[in-house]
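The primary structure of each chain is shown beneath.
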Amino acid sequence: MPHSIEKNITELVDAAGVALGASAIHRLDPRAKCLVVVFFIASVTSFGRYELSRLMPFAVYPVAITALSGVRVGAVLKRTLLAAPFIVLVGLFNPFFDREPLLRIGSFVVTGGWLSFLAIMFRAFLAVSAAVLLVLTTRFDRLCLGLEKMGVPRIFVVQLQFLYRYIGLLAGEAQRMLRAHDLRSGKNGRKLSFSTYAPMLGTLLLRALDRATRIHRAMLTRGFDGEVRLLRPLSFKGATDGLFILVWGGFFLMCRFVNLPELLFFAAMGR
């Protein structure tokens, strides 16, 4: 258990380091990237449940952003696949309830349930990967400031900043408690049982409340008024940020209203 917490803290630090990159994607205004991601997700989720082929061209966006930003493909896939169990649960029963045959290849029949299940999986994979890339290519404080400038309530933005800032602190506190338990368990390393977990969780809650009180008092002493200020304010550049929105927005609209896979297929057949 302590090892897993250390691993989570390390991954959190690595993600923060990735967001400090110097690529052209990293330098874009957070508001531009947020608008593009929202437009991307809205476009992807607007298709019907059987339109799997129409979703294929949207894979260009996460692939292009990953290549241009220099983010490791493994880092994106690892964080995207964390949502896989929840995605599978959403469409798990589609093959059982929708048995209408839609495609027959020899003796193999593809039913509507399997097609809709695959469409849900691919649609969710695209949406989650776009959100992951947004976080990996944007400093979290600037991302939160961009959300606030776009009209998100300040109290929600501040809560996000505190959660990101202190989740590592809470994990470190839990790690120290687990290490203390292991040191007091002797050489055999007695495993944690439910009767041990309950008081440890209670103690962790009390420590967290105490730490939160002290942090709040320290912030008030330093004049905190509910707004987190950055040394470098956001600046929206039309030449880069505006062009980023226009190019990708136009591409998403084209993918949404033009059947690109069908056009490419007939173009290839015509040749």
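Residues numbered from 1 in each chain as written. Predicted model: local features only at pLDDT ≥ 70, side-chain atom pairs only at ≥ 80, totals over all residues. Heavy atoms only, no water.

**Let's talk about the overall build of the chain**
Condition: A run of DSSP states H or I qualifies as a helix once it reaches four residues; a run of E qualifies as a strand once it reaches two. Both are numbered from the N-terminal end. Each residue gets one of three labels from its accessible area relative to the maximum for its type: buried under 20%, exposed over 50%, partly exposed in between, using a 1.4 Å probe on protein chains only. Contacts were defined at the residue level, with two residues in contact if any of their heavy atoms lie within 4.5 Å. Per-residue and other accessible areas follow the Shrake-Rupley method at a 1.4 Å probe size, with only the shown protein chains counted as cover for residues.
Counting its regular elements, the chain contains 13 helices and 2 strands. Within the chain, buried positions represent 34% of all 271 residues. Long-range contacts, defined as pairs at least 24 residues apart, comprise 78% of the intrachain contacts of the chain with a sequence gap of at least 6. Accessible area for the chain stands at about 17200 Å²; split by element, carbon and sulfur atoms hold 68% of it.

**As for helix 10 (residues 154–184)**
Selection rule: Multiplying 1.5 Å by the residue count of a helix minus one yields the expected span of that helix. To obtain the bend at a residue, axes are fitted to the seven residues ending there and to the seven starting there, and the angle between these axes is taken.
The terminal C-alpha atoms of helix 10, which comprises 31 residues, lie 45 Å apart, in line with the 45 Å expected from a rise of 1.5 Å per residue. At Tyr166, helix 10 shows its maximal kink, close to 40 degrees.

**Comments concerning the packing of aromatic side chains**
Selection criterion: Aromatic contacts are taken between Phe, Tyr and Trp rings whose centres are within 6.5 Å, Trp giving its six-membered ring; a plane angle under 30 degrees counts as stacked, one over 60 as edge-to-face, and the others as tilted. Any Lys NZ or Arg CZ found within 6 Å of a ring centre and within 35 degrees of that ring's normal is scored as a charge over the ring.
Inspection of the entire model under this criterion finds 15 aromatic pairs. Put simply, the rings of Phe39, Phe40, Phe47, Phe58, Tyr61, Trp248, Phe251 and Phe252 pair up and form one aromatic cluster. The ring centre of Phe47 lies 4.5 Å from the NZ or CZ of Arg256, which sits over that ring.

**Here we look at the nonpolar core**
For clarity, the cut-off: In these notes, a set of buried Ala, Val, Leu, Ile, Met, Phe, Trp, Tyr and Cys residues joined through side-chain atoms within 4.5 Å is what counts as a nonpolar core.
Judged by nonpolar contacts, the single largest core of 33 residues is most densely connected at Phe40, Phe58, Tyr61, Ile65, Phe244, Trp248 and Phe252. Residue assignment for this core shows that the elements contributing at least two residues are helix 3 (30–44), helix 4 (60–69), helix 5 (73–80), helix 8 (112–136), helix 9 (140–149) and helix 12 (238–257). Apart from the residues lying within four places of it in its own chain, the contact partners of Ile65 are Ile25, Leu133, Phe244 and Trp248.

**Here we look at the pairing of strand 1 (residues 101–105)**
Which entries qualify depends on this criterion: Two strands are counted as paired when DSSP detects at least two bridges linking them.
Burial analysis of strand 1 places just 0 of its 5 residues in the buried class, a small minority of the element. Bridge analysis of strand 1 against strand 2 (residues 108–111) gives 4 bridges, and the strand direction is antiparallel. When the sheet's bridge partners are listed, Pro101 is paired in strand 2 with Thr111. Here strand 1 hands over to strand 2 after 2 residues, with Gly106 in that stretch at a positive phi of 65 degrees.

**Considering the pattern of salt bridges**
Opposite charge on two side chains permits pairing when their charged atoms draw close. To be explicit about the condition: When a carboxyl oxygen of Asp or Glu lies within 4 Å of a side-chain nitrogen of Lys or Arg, that pair is called a salt bridge.
A complete count under the given rule lists 8 salt bridges for this structure. Note that Glu173 and Arg207 form a salt bridge whose closest N and O atoms lie 2.9 Å from each other. Here Glu173, found in helix 10, pairs with Arg207, found in helix 11 (residues 194–221); they are 34 residues apart in sequence, far enough to count as distant. Residues Glu173 and Arg211 are paired through a salt bridge, measuring 3.8 Å at the closest nitrogen-oxygen approach. With Glu173 in helix 10 and Arg211 in helix 11, the pair connects residues that are 38 residues apart, well separated along the chain.

**Here we look at the confidence of the model for the chain**
Where we set the bar: For every residue, the predictor states its confidence as a pLDDT score lying anywhere from 0 to 100.
Across the chain, pLDDT averages 83, with 87% of residues at or above 70. Put simply, helix 1 (residues 2–18) is where the chain has its lowest mean pLDDT, 49, and helix 3 is where it has its highest, 95. Here residues 1–6 is modelled with pLDDT under 50, and outside its nearest four sequence neighbours on either side it reaches 10 contacts, counting other chains as well.

**Digging into a nonpolar patch on the surface**
Our working rule: Patch rule: a residue counts if its relative accessible area is over 30% and it has no salt bridge; like charges are joined within 9 Å, and nonpolar side chains (Val, Leu, Ile, Met, Phe, Trp, Tyr) within 5 Å.
On the surface, Phe39, Leu253, Met254, Phe257, Val258 and Leu263 cluster together into a nonpolar patch covering about 550 Å² of accessible area. With 3 residues, helix 12 is the single largest residue contributor to the nonpolar patch. Turning to its location among the elements, Leu263 is positioned in helix 13 (residues 260–270).

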